[in-house]
Amino acid sequence: MTASADRAEAVLAVLKGASSESVAAGLEVEPELVERWVELFIEGGRLRLAGRLDPSSFEARDRFLVLIAHEFRTPLTTIGGWVETMLSDELTPELRQQGMEVILKQVAHLERIASDALDAGAVARGQLRLVVGPVRLRSLICAIAASARDGNVKVDEGAEVEIVADGARMEQVIGDVVAHAVRLAAGGPVVATIDGSHPARVTVTVSVAGRSLSYQEASELFEPYRRSDTSVGTGLGLFLSRALLAAHGGEIGLRSGNQGTEFWFRVPRSGPDPGPLVDTT
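Residues numbered from 1 in each chain as written. Predicted model: local features only at pLDDT ≥ 70, side-chain atom pairs only at ≥ 80, totals over all residues. Heavy atoms only, no water.

**Digging into the overall build of the protein chain**
Reasoning step 1: In terms of helices and strands, the protein chain carries nine helices and eight strands.
Reasoning step 2: Put simply, the protein chain has 281 residues, and 37% of those count as buried.
Reasoning step 3: A sequence separation of at least 24 residues applies to 67% of the contacts in the protein chain between residues at least 6 apart.
Reasoning step 4: Here the protein chain displays about 16200 Å² of accessible surface, and carbon together with sulfur accounts for 55% of that area. (Helix = DSSP H or I, 4+ residues; strand = E, 2+ residues; numbered from the N terminus. Buried < 20%, exposed > 50% of the residue type's maximum accessible area, 1.4 Å probe, protein only. Contact = heavy atoms within 4.5 Å. Areas by Shrake-Rupley, 256 points an atom, 1.4 Å probe, with all protein chains shown as cover.)

**Topic: the sheet that holds strand β3 (residues 162-165)**
Reasoning step 1: Reading across the sheet, the three strands line up as β3-β1-β8 and stay open at both edges, with mixed pairing between neighbours. The strands lining the two open edges of the sheet, one partner per strand, are β3 and β8 (278-280). Taking the axes of each pair of neighbouring strands and ignoring which way they run, one obtains an average angle of 30 degrees across the sheet.
Reasoning step 2: Looking at chain direction, strand β1 (residues 130-136) and β3 are connected through four bridges and run antiparallel. Bridge assignment links G133 to a residue of β3, and that residue is A165. (Pairing = 2+ DSSP bridges. Axes fitted to C-alpha atoms, helices over the stretch in contact; angles between N-to-C directions.)

**Thoughts on the pairing of strand β5 (residues 201-209)**
Reasoning step 1: The buried fraction of β5 is high, at seven of nine residues.
Reasoning step 2: Pairing geometry for strand β4 (residues 190-195) and β5, over six bridges, is antiparallel. Bridge pairing in β5 places T193 opposite T205.
Reasoning step 3: Count of turn residues in the β4/β5 antiparallel hairpin: five residues.
Reasoning step 4: Of the strand pairs in this sheet, β5 and strand β7 (residues 260-268) are connected by nine bridges, and their pairing is antiparallel. Note that in β7 the partner of V206 across the bridge is F263.

**Quick look at a negative patch on the surface**
Reasoning step 1: On the surface, E21, E30, E32 and E35 cluster together into a negatively charged patch.
Reasoning step 2: Within the element layout of this structure, E21 appears in helix α2 (residues 20-27). (Patch = residues over 30% accessible without salt bridge, like charges linked within 9 Å, V, L, I, M, F, W, Y side chains within 5 Å. Salt bridge = Lys/Arg side-chain N within 4 Å of Asp/Glu carboxyl O. Lys, Arg positive; Asp, Glu negative; His and termini not counted. Charge placed at Lys NZ, Arg CZ, Asp CG, Glu CD.)

See the structure below:
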């Protein structure tokens, strides 16, 4: 791989008048690669002059890479341990079944981490695509609460509420909100409430009684590449959920005080505005 210093010298040489072909020949790379380096250099300078290049973005990227590595390490260690166990000559059918269940769970976790990272990249590039259709919101929330396998997660009773949305994305948002609420509750009750009284939008509230967040903890939950005691996943916190809801024309927030914490989000009933990144099923 060409060193950063070599790339910088190559770009400067081209900017001073040398041909891409001659510079590429000296480094034994393709001329197209040198031209790409020059394009990136010029674009970076243009963004910095326009005030759009955030120097801290590189630090944030590095933090994200560390968090990703950390998130991958535990599942991979668990999978590796069980694979070694399953290769044992004295493995019982019961232990094999237990091992397969653990491995499948950890693989699903790794897939979720990879999916979140890809979605974060799509958000950053403005390429997040939605495939929208009718979504039965109450049924979706009840299914997510049941899959959480936490008897403390309850959904208030009420009529079904239908919205137009990307079902997979809404499942992602609800799952993230519930997961953060469960982590904050630390074994306490978590209650999801659906307010469909407004004609144009639906509001979902997930409440945790008796637990509060400081202002810093609350703000960091919506910042990418941060990690706190109340966050789960890849360090994206609720940043990705906020981006998914914004793409739908919705919003998300939380209220926290002495009585507890409420995570809330609202979405329009009619779905996101039509556009090149919105497909209708």
